[in-house]
Amino acid sequence: MTETPAHTALWPAPHASGAVTATVHVPGSKSVTNRALVLAALAAEPGWLRRPLRSRDTLLMAGALRAMGVGIEETVSSSSSVAGGQDGTGEAWRVIPSGLHGPATVDVGNAGTVMRFLPPVAALADGPIHFDGDPRSYERPLHGVIDALRVLGARIDDTRGTPGALPLTVHGCGALEGGRVEIDASSSSQFVSALLLSGPGFNQGVEVRHVGGALPSMPHIRMTVDMLRSVGAQVDTPEAGGEPNVWRVTPGALLGRDLTVEPDLSNAQPFLAAALVTGGTVTIPDWPAHTTQPGDALREIFTEMGGSCELTEQGLVFTGSGSIHGIDVDLSEVGELTPGIAAVAALADAPSTLRGVAHLRLHETDRLAALTKEINELGGDVTETSDGLHIKPRRLHGGIFHTYDDHRMATAGAVIGLAVDGVQIENVATTAKTLPDFPDLWTGMLGN
Ligand SMILES: O=C(O)C1=C[C@@H](OP(=O)(O)O)[C@@H](O)[C@H](O)C1
Ligand SMILES: C=C(OP(=O)(O)O)C(=O)O
C-alpha cells in the first residue's frame, strides 16, 4: 500500500436515492485483450481484435509491442461489416506481426499482464529490450518469470534494481531454446500464463511445472490455454489427464485470428453490486454463455449474497432482493473480485469471511491492508486474516476513500458510496487502468 498524495482530486461518490434500474455496456476484458495482443504479435500472419479494451493496461501492451516492431493499426467504424462488434460500434485493431526487434524500451506501468507476459516475448526479439514501470511495479513479484527465462536460455540484466524485479533488460537474440522449467507461481498465476503464451515460439516449446504453495487465479490460466489453442497451439494441461501442475506447449506457428473481445466481467462487478446494494436490476449485455473469465463467478457469489440472475437474450439480468447477506468464501480462483465483494460485505446483514487471497498483498497495492483501512475509516469493522479479510458490517459514515492507485479500490469505494452518504473517492481517475469510462458509466447507470 503506497502512500497517496494528499492533494489528489476527490470524486463525490453518488448516493443512490432508490433502486437502480439500468443496462450497462461494459468495455472489453483486459485479460483477454492483452493475451490476444501477445498471441497476435507472435503469430505467423496478421489478425484482428474487435472491441478491444482501450485502457491504460492495454495501451501499454500495444505500445510495448509496437516498440518491438509489431504493427497495430486502430480502426473505428460504425459499420459492423468493417470492424464492428455485435452492436456495430466497432473499434478494431489489426495486428501485423513482422519480427520482434530491439533495442526497445517498454513501460509496464503497473500492469501485471505487461510486466509478466512481455519478458518471454522480448527473449525472442533480436536486441535488448529495457523494461521499466511505475514505482509499484518494482515491488510486484516477477522472479518466477525471470528465473524461468534464464533456465530456458535467456540473458537478463536485473542489476539496476532489486535482483529478480524491475527495472531490467532482456537481451534477446532472436530465439530461445525453451524446454522444461520449474517455478513457484503461488504469488501470481501470471508467471505460468507468461511462459505458456510465448511457449510456441521457443525452439523446444516449454514445459512449466508449478512447485510451491497453492496456485491462485486458475481461471486465468485456463484462459491462457484456451486462447493458445484457439490460435492453433498444442497445449497439454493437468485437466486433460496430464500431471497435476504441469503444462506443456509444443513449438509451432500461430494463426492470425479474428477475435471479438468479451466484456470485462470483473469490471461488470461494481454495476452488478449496484443492483445488489440498492435492490435494483442491472443488465449487462453480451455476457458470454461460456467463458474462462473469473468474473463469471459473480453470478454465484452475488446470488449467495442476496441477488438473483438470469442469462437472457438481452444479457445477464441481475436483480437485488433488498437484503444483502454475508458470505464465507474462498476467493483464491477469483482474487481480483475481492475488493468489490468486500465492499458489498461491508453493507451486509451478517459477517463475511473472504479467504485464499494472501497474494493480494502484492497486487496494485496491498489490497487487504487498503480495504481494511479504508472501510474502517468509514466506521467499518474489517480485520485482516493471514489469507484474507473478516468483515463485520457496521453502520458506515461518509469520508474520504483512498485508492492507492488501485482501480478496484476506486470501484469498491463507489459501491459503498451508493449506500453511504458523503463518500469521496480519492483519485477515481485510477480506474483508467482497466475502465477509463467508469465515472461516466456510473453516473449514467444512476440516470444522471
Ligand atoms: O492473467 C491475468 O490476466 C490475471 C491474473 C490474475 O493475476 P494473479 O494471479 O497475479 O492474481 C488477476 O488477478 C489479474 O487481474 C489478471
Ligand atoms: C490484479 C490486477 O491486475 P494486474 O493485471 O496488474 O495483476 C487486477 O486487475 O485486479
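Quick notes on the rules
Residues numbered from 1 in each chain as written. Chains lettered and ligands numbered in written order. Predicted model: local features only at pLDDT ≥ 70, side-chain atom pairs only at ≥ 80, totals over all residues. Helix = DSSP H or I, 4+ residues; strand = E, 2+ residues; numbered from the N terminus. Near = placed C-beta within 6 Å. Nonpolar A, V, L, I, M, F, W, Y, C, P; charged D, E, K, R; others polar. Domains from an automatic or database assignment. UniProt positions renumbered as here; feature names shortened; annotations may be inferred. Pairing = 2+ DSSP bridges. Axes fitted to C-alpha atoms, helices over the stretch in contact; angles between N-to-C directions. Parallel < 35°, antiparallel > 145°, perpendicular 65-115°, else oblique. Left-handed = near helix turned anticlockwise from the far one by under 90°. Contact = placed C-beta atoms within 7 Å. Expected span 1.5 Å × (residues − 1). Buried ≥ 20, exposed ≤ 12 C-beta atoms within 10 Å, placed from the backbone. Core = buried A, V, L, I, M, F, W, Y, C linked by C-beta atoms within 7 Å. Right-handed = clockwise from strand over helix to strand, strands pointing away.

### Some points on unusual backbone geometry
Across the junction of G102 and P103, the peptide omega takes the value 0°, indicating a cis bond. Looking at the element boundaries, P103 is found in the loop between β5 (90–96) and β6 (104–107). The amide bond that connects L166 to the next residue, P167, takes the cis arrangement and shows omega of -5°. You can see P167 is positioned in the loop between β8 (156–157) and β9 (168–171). For N427, which is not glycine, the phi dihedral falls at a positive 60°. Inspection of the secondary structure assignment puts N427 in the loop between β23 (423–426) and α13 (438–445).

### Things to note about the site of ligand 2
The environment of ligand 2 is formed by A111, G112, T113, E336, H363, E364, R408 and T434. When its residues are assigned to classes, the shell around ligand 2 shows one nonpolar, four polar and three charged. Of the domains in this structure, domain 1 (10–27 + 263–445) and domain 2 (30–260) are the two that each give at least three residues to the shell around ligand 2.

### Some details on the UniProt feature "active site" (unreviewed entry) in the chain
In the numbering adopted here, UniProt assigns the feature "active site" (unreviewed entry) to E336. Relative to the helices and strands, E336 resides in the loop between β18 (328–330) and α10 (338–345).

### Some remarks on the site of ligand 1
Around ligand 1 lies a shell of 13 residues, among which S31, S188, S189, S217 and H220 are the nearest. Mapped onto the shell around ligand 1, the elements with two or more residues apiece are α3 (112–122) and α6 (190–198). Of the residues assigned to the shell around ligand 1, the class counts are one nonpolar, eleven polar and one charged. Looking at which domains feed residues into the shell around ligand 1, each of domain 1 (10–27 + 263–445) and domain 2 (30–260) supplies at least three.

### Examining the domain arrangement of the chain
The domain boundaries assigned to the chain delineate domain 1 (10–27 + 263–445) and domain 2 (30–260). Taking only C-alpha atoms, the centre of domain 1 and the centre of domain 2 are 28 Å apart. Along the lines of polarity and charge, the residues of the side of domain 1 that touches domain 2 split into seven nonpolar, six polar and six charged.

### Notes on the pairing of strand β15 (residues 281–284)
One ladder, built from three bridges, connects strand β2 (residues 21–23) with β15; its direction is parallel. Across the sheet, T23 pairs through a bridge with T283, a residue of β15. Examined bridge by bridge, β15 and strand β17 (residues 315–320) share four bridges and lie antiparallel to one another. Looking at the pairing, T281 lines up with T319 of β17.

### What to know about the packing of helix α8 (residues 269–278) against helix α12 (residues 407–419)
Contact geometry of α8 with α12 gives a least axis separation of 10 Å together with a crossing angle of 20°. Relative to α12, the element α8 lies roughly parallel. Of the two elements, α8 crosses α12, and the hand of that crossing is right-handed. Residues P270, A273, A274, V277 and T278 of α8 form the contact with α12, whose participating residues are T411, A414, V415, L418 and A419. Class assignment for the residues of the contact of α8 with α12 results in eight nonpolar, two polar and no charged.

### What to know about the sheet that holds strand β11 (residues 206–210)
Adjacent strands of a sheet pair through backbone hydrogen bonds, lying either parallel or antiparallel. Spatial strand order, β10-β11-β13-β12: four strands in an open sheet with mixed pairing. Each of the sheet's edge strands pairs with one partner strand only, and the pair in question is β10 (179–183) and β12 (235–236). Pairing geometry for β10 and β11, over five bridges, is parallel. Counterpart to G179 in the pairing with β11 is V206. Strands in contact with α6 are β10, β11, β12 and β13 (246–249); relative to β11, the strand with the most contacts, it is inclined by about 170°.

### Considering helix α2 (residues 56–67)
Counting along an α-helix, one turn takes 3.6 residues, and residues three or four places apart therefore face a common direction. Taking 1.5 Å of rise per residue, the twelve residues of α2 would be expected to cover 16 Å, and the 16 Å separating its terminal C-alpha atoms lies within 8% of that figure. Among all positions in α2, only R56, D57, T58, L60, M61, A62, A64 and L65 are buried. Tucked into the core, α2 has its buried residues touching α1 (30–42), β4 (71–77), β6 and α3. G69, located one to two residues past α2, shows a positive phi value of around 105°.

### Notes on the nonpolar core
Of all hydrophobic cores here, the largest spans 74 residues; its most connected members are L37, L39 and L196. Counting residues per element, this core draws most heavily on α1, at eight residues. Filtering out sequence-adjacent residues up to four positions away, L37 remains in contact with L49, M61, A62, L65 and V95. V24, A343, L347 and F401 belong to the second-largest nonpolar core, a separate cluster that totals 69 residues.

### Digging into the environment of P119
Within the secondary structure, P119 is located in helix α3. A residue is classified by how many C-beta atoms lie within 10 Å of it, and P119, with 28 of them, is buried. As for P119 and H363, which are separated by 244 residues in sequence, their C-alpha atoms are 19 Å apart.

### Details of the pairing of strand β7 (residues 128–132)
Each regular strand carries side chains that alternate between the two faces of the sheet. Side chains I129 and F131 of β7 all project onto a buried face; the interleaved residues P128, H130 and D132 project onto a face where none is buried. Bridge analysis of β6 against β7 gives four bridges, and the strand direction is parallel. Among the inter-strand pairings, T105 is bridged to a residue of β7, identified as H130. Between the parallel elements β6 and β7, the chain passes through α3 in a crossover that is right-handed. Both β7 and β9 contribute to a ladder of four bridges, which runs antiparallel. Considered in β9, the bridge of I129 is made with V170.

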